[in-house]
Amino acid sequence: MYQAPRGTQDVLPEDVPYFAYVEEVASRFAALYAYEEIRTPTFEDSALFRRGTGETTDIVEKQMYSFTDKGNSDVTLRPEATPSIMRAYLQHGLHNRPQPLRLFQLVNCFRYDRPQAGRWREFRQLDVEAIGEDDPALDGELITLFWRFCEALGLQNLSLELNSIGDPACRPHYLDALRAHYEPHEEELCGDCRRRLVVNPLRLLDCKVPSCQPVADSAPPFFNHLCDACRDHFARLQAALADEGIPASLNGRLVRGLDYYTRTVFELFPAKVSAQAALGGGGRYDGLAEQLGGRHVPAVGFAAGIERLVLNLKDQNVVVPGGARPRVYVGHVGPKAEPMASEFARNLRSRGVSVIRAVGERSLRARLRHADSAGARWTAIFGDEELQNGTVCLRDMTAKEPATLPISQAIDQIIRADHGGTK
Ligand code: HAM
């Protein structure tokens, strides 16, 4: 038997309404804040992610689904959406449009990660980006959008973690302070952290290995080492969030796993926090456009994990709107009644009523059993008698008693009940 590849999942019909609900509310919220949808390719030139996401990130070092295609191009299934959106911005000269350009997309992403609860190798993201402006009001708008979107989904007890990781002016000084803090403890660090100390010291703060926690916990937070411009930016962002009534906890250890961030970084957590539990995260990435060979373009964005949102909706017992249920089950008993039953189904569907048309030859008992389990509101059965009299045996499944009616009357009854909103 074949199985879905490890880290991927089949979303069965009963779970699809959760995903449809999250994505519908996501699109509605994006529109509410005037973010326009953009669609970019599922795969890109691998170099885009190596340069954009960053050579020293786990994503690029360990997790990319990269392959050489038949034309010898090195391509990668997108592990995240931000570099693609910035590429599209630069490629199409979108700086000529009114700025900031507000964009979103709902996409599947691919990361060769270790699968566990809420962590998949193929997953979906709501990705939201605002490009072309460095005003912290925009960082505030994005965080607000994210927070209000989660609230609108019905999630409770959200918490926001916030940090600033400076810019090219203040980061070197902070990294010196960080190295000075870590170097006396080098012996106690895990292998990864010893390497990080040399190649990417900021990521030291991100380590989850227990023996590295005391050193990381006592490290000086970046927000105490910001240059004047970054300090002012961070203060104005915090004021904007306070204005919106969104509580932010400062977390000096929050650095995020992608290389492009400058200044603002944030993550949103649900009520039950486990190691993998961020609903989403993001930040400002003022250097990415230049990193990709373009002009200087300040930008800020976030991505939320759709599977994680669904997981938390289920955890918090949030009821989501169900999928569309069929209204009428139409069955024939005996081959002669088949055309009449089909005509009845056609008639209903042309009026917008959803119909399950029974197929194959079955007994009346079998038809009724099937109708019952299918969960339709009405069952309409055609046999020899109905054929002769031009009638239908119609059963309102909420009342159980069947009635034999002229066809037009049965259709009227179904339509009237449908519009009357019963059940
Ligand atoms: P990220 O933190 O790598 O950021 O991913 C954002 C969210 O995607 C995570 O918080 C999580 O909810 C979800 N996610 C990530 N990996 C997985 C996985 N393996 N399985 C399930 N869900 C996952 C980014 O991707 C940035 N592009 C966000 C951003 C946009 N920054 C600026 N603009």
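## Regarding the sheet that holds strand 13 (residues 355-357)
Here is step 1: The sheet built from 5 strands is open, its strands ordered 13-12-14-15-16 with mixed pairing. Every interior strand has two partners, whereas the edge strands, strand 13 and strand 16 (402-406), have only one. Pairwise comparison of adjacent strand axes, ignoring direction, gives a mean angle of 25° for this sheet.
Here is step 2: With 5 bridges connecting them, strand 15 (residues 391-396) and strand 16 associate as antiparallel partners. What sits directly across from V392, in strand 16, is L405.
Here is step 3: Lying over the sheet, helix 12 (residues 338-350) contacts strand 12 (328-332), strand 13, strand 14 (378-382) and strand 15, oriented at roughly 160° with respect to strand 13.
Here is step 4: Across the sheet, helix 13 (residues 364-374) is in contact with strand 12, strand 13, strand 14 and strand 15; its angle to strand 12 comes to roughly 165°.

## Remarks on the pattern of salt bridges
Here is step 1: Inspection of the entire model under this criterion finds 25 salt bridges.
Here is step 2: Salt-bridge contacts for R39 lead to E37; the nearest nitrogen and oxygen are separated by 2.9 Å.
Here is step 3: Between R119 and D113 there is a salt bridge; the shortest N-O distance is 2.8 Å. As far as burial versus exposure is concerned, R119 and D113 are alike and both buried.
Here is step 4: The network of salt bridges with shared partners includes D135, D232 and R236.

## Focus: the environment of A374
Here is step 1: If you trace the backbone, A374 turns up in helix 13.
Here is step 2: C-alpha separation for the pair A374 and R325, spaced 49 residues apart in sequence, amounts to 9.2 Å.
Here is step 3: Filtering out sequence-adjacent residues up to four positions away, A374 remains in contact with R325, P326, Y329 and I356.

## Concerning the packing of aromatic side chains
Aromatic rings in a pair are described by how distant their centres are and how their planes are angled relative to each other.
Here is step 1: The tally for this structure, following the rule as stated, stands at 9 aromatic pairs.
Here is step 2: Between F29 and F149, the aromatic rings sit 6.3 Å apart at their centres with planes inclined by 50°, giving tilted as the arrangement. Of this pair, F29 sits in helix 1 (residues 16-32) while F149 sits in helix 5 (residues 136-153); the two residues are 120 residues apart in sequence, bridging distant segments of the chain. Across the pair, exposure class does not vary: F29 and F149 are buried alike.
Here is step 3: With centroids separated by 4.3 Å and ring planes inclined at 10°, the aromatic side chains of F146 and F302 adopt a geometry described as stacked. Here F146, found in helix 5, pairs with F302, found in strand 11 (residues 299-305); they are 156 residues apart in sequence, far enough to count as distant. Taken as a pair, F146 and F302 share a single burial class, namely buried.
Here is step 4: An aromatic cluster is defined as three or more aromatic residues linked by ring pairs; in this entry it consists of F29, Y33 and F149.
Here is step 5: One residue, R121, lies across the ring of Y112, its end atom 3.9 Å from the ring centre.
Here is step 6: K314 extends its terminal NZ or CZ atom over the ring of Y18, reaching a point 5.0 Å from the ring centre.

## Let's talk about the sheet that holds strand 6 (residues 122-131)
Here is step 1: Pairing in this open sheet of 8 strands is mixed, and the strands run 1-5-6-11-10-9-7-8 from one edge to the other. Edge positions in the open sheet fall to strand 1 (36-37) and strand 8 (248-250), since each of these has one partner strand only.
Here is step 2: Sheet analysis places strand 7 (residues 159-164) next to strand 8, joined by 3 bridges and oriented parallel. In the sheet register, E161 faces strand 8, and the bridge partner there is S249.
Here is step 3: Packed onto the sheet, helix 5 meets strand 5 (101-110), strand 6, strand 7, strand 9 (262-269), strand 10 (280-284) and strand 11 and runs at close to 15° relative to strand 11.

## A few points about the domain arrangement of the protein chain
Many descriptions give the size of an interface as the accessible area lost when the pieces come together.
Here is step 1: As assigned here, the protein chain comprises domain 1 (16-170 + 226-315) and domain 2 (328-418).
Here is step 2: Just the C-alpha atoms count here: the centres of domain 1 and domain 2 sit 51 Å apart.

## A word on the site of the ligand
Here is step 1: Around the ligand sit 27 residues, and of these E80, T82, W120, E129 and Y261 come closest.
Here is step 2: Between the ligand and G305 there is a distance of 3.2 Å, counted from an oxygen atom to a backbone nitrogen or oxygen.
Here is step 3: Protein contacts shield 95% of the accessible area of the ligand, which totals 660 Å² for the unbound molecule.
Here is step 4: Across the shell around the ligand, the residue classes tally to 10 nonpolar, 9 polar and 8 charged.

Definitions and limits used
- Residues numbered from 1 in each chain as written.
- Predicted model: local features only at pLDDT ≥ 70, side-chain atom pairs only at ≥ 80, totals over all residues.
- Heavy atoms only, no water.
- Pairing = 2+ DSSP bridges.
- Helix = DSSP H or I, 4+ residues; strand = E, 2+ residues; numbered from the N terminus.
- Axes fitted to C-alpha atoms, helices over the stretch in contact; angles between N-to-C directions.
- Contact = heavy atoms within 4.5 Å.
- Salt bridge = Lys/Arg side-chain N within 4 Å of Asp/Glu carboxyl O.
- Buried < 20%, exposed > 50% of the residue type's maximum accessible area, 1.4 Å probe, protein only.
- Phe/Tyr/Trp six-rings, centres within 6.5 Å; stacked < 30°, edge-to-face > 60°.
- Lys NZ or Arg CZ within 6 Å of the ring centre and 35° of its normal.
- Domains from an automatic or database assignment.
- Near = heavy atom within 4 Å.
- Polar contact = N/O pair within 3.5 Å; in protein donor to acceptor, adjacent residues only side chain to side chain.
- Areas by Shrake-Rupley, 256 points an atom, 1.4 Å probe, with all protein chains shown as cover.
- Nonpolar A, V, L, I, M, F, W, Y, C, P; charged D, E, K, R; others polar.

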